[in-house]
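Next come the chains, spelled out residue by residue.
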Amino acid sequence: MPKKGVEWDEDLFVVMIESYGKAGIVQEAVKMFMKMKELGDSRSVDSCDAVFKVILRRGRYMMAKPLFNAMLNEGIEPTRHTYNIMIWGFKKMEEAKKLFAEMKGKDIVPIVISYTTMIKGLTDGNQNSPPRIPGVSLNSRLLRFCSSTEQPTTPGADHTPSENAAPRSQPEPRTQSDASDAAGARERPRQRTPRGKARNPEKLEDIICRMMANRAWTTRLQNSIRALVPEFDHSLVYNVLHGARNSEHALQFFRWVERAGLFRHDRETHLKIIEILGRASKLNHARCILLDMPKKGVEWDEDLFVVMIESYGKAGIVQEAVKMFMKMKELGVSRSVDSYDAVFKVILRHGRYMMAKRLFNAMLNEGIEPTRHTYNIMIWGFFLSMRLPTALRFFEDMRSRGISPDAVTYNTMINGYWYVSVGRVDEGLRLLDEMKSYGIKPNDVTYSTLLPGLCEAEKMAEARSILKEMVDRYLAPRDNEIFLRLLTCQCKVRSVMQSLFEDGRVQTASRVVKSMVEKGVHENMDLVAKILEALLMRGHVEEAVGRIDLLMQSGCSPDFDNLLSVLSEKGKTIAALKLLDFGLERDCTINFSSYDKVLDALLGSGKTLNAYSILCKIMEKGGVSDWGSCGDLIKSLNQEGYTKQADVLSRMIKGGDKTGIYKKGKKQAKVAI
């Protein structure tokens, strides 16, 4: 926040402390509280209350004590809410009683929550509570406690509370009638907050939408809504239509408020209900509402008809969409480029390109100038209809009118070249260069459109260049299927993996290997071995082992001997140890010479316990016990104080009781690993 010029305040940290508390991460909540002081943000009783609630909810009452004392030392006076939290959180009843007495000693008057918390502590049967006296009921104990903690004030006495103490809830009674009224107020139970009066009350429109969703539309429901709403204004009706759970509820409410004379619909509410019915494909209802608008004194405008045209198009009813467009002229509704764009999109989506050409010429004859969006729709539609020359003519006509293409235009052209013919992908690359020359940055749609076409045309050099450009700009493809297309043939897979491996992006290449194996592609294993070796050398052992496991499940076993040899020679002993351990657990075929190399590397780097552990596992799997450096390992174990392991290894090599001895060695080996 300070980097953006926004200052911190206490409320921000309080929200973070409470969030950590709800997630159960007490340490982070306390760290956030301590960090407030380091960052120079002032702490008040609010932040203290927040951290007390977090730590006491988790039973850390010993941590709450020093924080409470630190708060007092900083000059922060606790409030009634602070004491209520502390009393609630302390498990020991004696400590809670001390806090309760201290609270009253500071002239902070307890309220219902304070007494309720104390009473609950007594009734919980805590192990620290005093034993119950035989023959005395629990209620009498509670009454004695409340009466003993009451400190009645004498009428007329001057009680001046401390500076930070909370104000008293009831004024001191001065007459007998005042005293009786105050006593009656204390005896009355606390009333619940009615709906709509809370801090965040539920809005009327939300209540009405919930009622319509849970009850059938009957006269009784209508009367309930009428009794709930004092006045139906534009905001309420519009929000109810917008928030209705389904279109049927919205239509019933729309008609009811109109027929009952509760509200007179205007242009906005008509537009909203037409949009709702159009999305639900209830086009006859929407059409009737639209055509009846003049009878209600509401004028038509173009936006209403555009919504109807788009709704008919989404429903696949092209003729009705065109009729609605033509009817605009009959009804005297002016048509602009927006209504033409809507009808172009509908008819071109269904291949009516000849009709689109006639309407485009009619638009020009009416003096309506097409926009960039209009040309984008026309180019898209003619490519969709496989009319490449016509699409190119519209592209040139767009430029001749001084309308500069944008990223959408170029993306449409590039996609169109690939859609019409794979052989025209070079034109797509030319358009990409032209797009960059005009200062228009390609986006993820551009790259996602180009890559499949380049792969289909087997232009892998260009595909690698595009992929590298995407990675450099941190752009992800729109669809992960693009990567699967990159892996459909051997040359593509190898080129992509080789490019990533040579650029040092080993983990990305590893993910490509994973996708390749999962799709059943078992080729380029020599390159896969290099990627696995690079992962192990860079310390990504778990990822490498996971890829090896996936390869083995698909029937492709890597060369363990080569990997172990390279790791041992390069001094990557931990990676070699984990790889060898994995191979032993899966009973993989590994030469004895590889065992020797790993053991020598472990012994040479001083990892004697690891060498002892893996040697025990090798012998368990039937490996030989004539390793040349066994004597050195036994000597190192003795020098480092592991005499028991040295004795076990010595007896195993000499052919002692292998069964009983090895069990002891195996138990020690687990600790070593």
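All figures in this text were calculated on a predicted structure; none of them were measured in a lab.

**Digging into the overall build of the protein**
And step 1. From N to C terminus, the protein includes 37 helices and zero strands.
And step 2. Looking at the protein as a whole, 42% of its 673 residues qualify as buried.
And step 3. Here the protein has roughly 36900 Å² of accessible surface; of this, 49% comes from carbon and sulfur atoms.

**A few points about the nonpolar core**
And step 1. Counting residues in each nonpolar core, the largest one holds 89 residues, and the members touching the most others are Ile 225, Phe 232, Phe 253, Ile 274, Ile 309 and Phe 344.
And step 2. No other element matches helix α18 (residues 337–349), which puts eight residues into this core.
And step 3. The contacts of Ile 309, once residues within four sequence positions are left out, are Ala 321, Met 324, Phe 325, Met 328, Ala 342, Val 343 and Val 346.
And step 4. Ile 531, Val 545, Phe 560 and Tyr 612 belong to the second-largest nonpolar core, a separate cluster that totals 53 residues.

**Things to note about the environment of Ser 42**
And step 1. Of note, Ser 42 is situated in the loop between α2 (26–38) and α3 (45–57).
And step 2. By relative accessible area, Ser 42 is classed as exposed at 58%.
And step 3. Sequence separation of Ser 42 and Asp 9 is 33 residues, and the distance between their C-alpha atoms is 7.9 Å.
And step 4. Those residues in contact with Ser 42 that lie beyond four places of it in its chain are Glu 10 and Met 36.

**Things to note about the side chain of Thr 412**
And step 1. Position of Thr 412 relative to the elements: it lies in helix α22 (residues 407–420).
And step 2. Not counting residues up to four positions away in its chain, the partners in contact with Thr 412 are Asn 376, Ile 379, Trp 380 and Phe 383.

**Describing unusual backbone geometry**
And step 1. Residues other than glycine seldom take positive phi values, yet Asp 107 does so here, at roughly 60°.
And step 2. As for its position among the elements, Asp 107 is in the loop between α6 (93–105) and α7 (112–123).
And step 3. With phi around 60°, Tyr 474 is a residue other than glycine that occupies positive phi space.
And step 4. Within the fold, Tyr 474 resides in the loop between α25 (460–472) and α26 (481–486).
And step 5. By relative accessible area, which is 77% here, Tyr 474 ends up exposed.

**Here's the deal with a positive patch on the surface**
And step 1. Together, Lys 22, Lys 53, Arg 57, Arg 58 and Arg 60 line one region of the surface with positive charge.
And step 2. Turning to its location among the elements, Arg 60 is positioned in the loop between α3 and α4 (61–73).

**Some thoughts on the confidence of the model for the protein**
And step 1. Overall, the predicted model of the protein reaches an average pLDDT of 79, with 79% of residues at or above 70.
And step 2. Here residues 125–190 scores under 50 on pLDDT; set against residues more than four positions off or in separate chains, the count is 47 contacts.
And step 3. Contacts for the low-pLDDT stretch residues 656–673, under 50 throughout, to residues beyond four places or in other chains number 26 contacts.

**Here we look at α18**
And step 1. Here α18 is 13 residues long and its end C-alpha atoms lie 18 Å apart, about the 18 Å a rise of 1.5 Å per residue gives.
And step 2. Burial within α18 is extensive, with 10 of its 13 residues counted as buried.
And step 3. All of the buried residues along α18 are Val 337, Ser 339, Tyr 340, Asp 341, Ala 342, Val 343, Phe 344, Val 346, Ile 347 and Leu 348.
And step 4. Those residues of α18 that are buried are in contact with α16 (302–314), α17 (318–330), α19 (353–365) and α20 (372–384).
And step 5. Within two residues after α18, Gly 351 carries a phi angle of roughly 80°, on the positive side.

**Some words on the environment of Val 307**
And step 1. Here Val 307 shows up in helix α16.
And step 2. Classification of Val 307 by relative accessible area gives buried; the value is 13%.
And step 3. Between the alpha carbons of Val 307 and Glu 275 there is a distance of 6.5 Å; along the sequence they are 32 residues apart.
And step 4. Those residues in contact with Val 307 that lie beyond four places of it in its chain are Leu 271, Ile 274 and Glu 275.

**With respect to a nonpolar patch on the surface**
And step 1. Residues Met 1, Val 6, Trp 8, Leu 12 and Leu 39 make up a contiguous nonpolar surface patch of about 390 Å² in total accessible area.
And step 2. Turning to its location among the elements, Leu 12 is positioned in helix α1 (residues 10–22).

**So, the side chain of Glu 205**
And step 1. Position of Glu 205 relative to the elements: it lies in helix α10 (residues 204–214).
And step 2. Among buried charged residues, Glu 205 stands out as having no salt bridge; its nearest opposite-charge side chain is Lys 203, 4.9 Å away.
And step 3. Those residues within four positions of Glu 205 in sequence are excluded, and the remaining contacts are Leu 236, Asn 239 and Val 240.

**Details of the packing of helix α5 (residues 80–89) against α7**
Pairs of packed helices are described in terms of their axes, by the angle between the two and the distance that separates them.
And step 1. Taken N-terminus to C-terminus, the directions of α5 and α7 make an angle of 10°; their axes are 10 Å apart at the nearest point. The orientation of α5 with respect to α7, classified from their angle, is roughly parallel. In contact with Arg 80, Asn 84, Ile 87 and Trp 88 of α5, α7 contributes Ile 113, Ser 114, Thr 117 and Met 118.
And step 2. Classifying every residue of the contact of α5 with α7 by side-chain character gives four nonpolar, three polar and one charged.

**With respect to the pattern of salt bridges**
And step 1. Overall, the coordinates contain 21 salt bridges when judged by the stated rule.
And step 2. Two residues, Glu 275 and Lys 272, come together in a salt bridge whose shortest N-O distance is 3.9 Å. Of this pair, Glu 275 and Lys 272 both sit in helix α14 (residues 267–279), separated by three residues, roughly a single helical turn.
And step 3. For the salt bridge of Asp 472 with Lys 468, the shortest nitrogen-to-oxygen distance reads 3.2 Å. Highlighted residues: Asp 472 and Lys 468, both in helix α25, separated by four residues, approximately one helical turn.
And step 4. Note on Lys 468: relative accessible area 38%, which makes it partly exposed.
And step 5. Here the residues in one salt-bridge network are Arg 399, Glu 427, Arg 430 and Glu 434, joined through shared partners.

Calculation criteria
Residues numbered from 1 in each chain as written. Predicted model: local features only at pLDDT ≥ 70, side-chain atom pairs only at ≥ 80, totals over all residues. Heavy atoms only, no water. Helix = DSSP H or I, 4+ residues; strand = E, 2+ residues; numbered from the N terminus. Buried < 20%, exposed > 50% of the residue type's maximum accessible area, 1.4 Å probe, protein only. Areas by Shrake-Rupley, 256 points an atom, 1.4 Å probe, with all protein chains shown as cover. Core = buried A, V, L, I, M, F, W, Y, C linked by side-chain atoms within 4.5 Å. Contact = heavy atoms within 4.5 Å. Patch = residues over 30% accessible without salt bridge, like charges linked within 9 Å, V, L, I, M, F, W, Y side chains within 5 Å. Salt bridge = Lys/Arg side-chain N within 4 Å of Asp/Glu carboxyl O. Lys, Arg positive; Asp, Glu negative; His and termini not counted. Charge placed at Lys NZ, Arg CZ, Asp CG, Glu CD. pLDDT = per-residue confidence, 0-100. Expected span 1.5 Å × (residues − 1). Axes fitted to C-alpha atoms, helices over the stretch in contact; angles between N-to-C directions. Parallel < 35°, antiparallel > 145°, perpendicular 65-115°, else oblique. Nonpolar A, V, L, I, M, F, W, Y, C, P; charged D, E, K, R; others polar.

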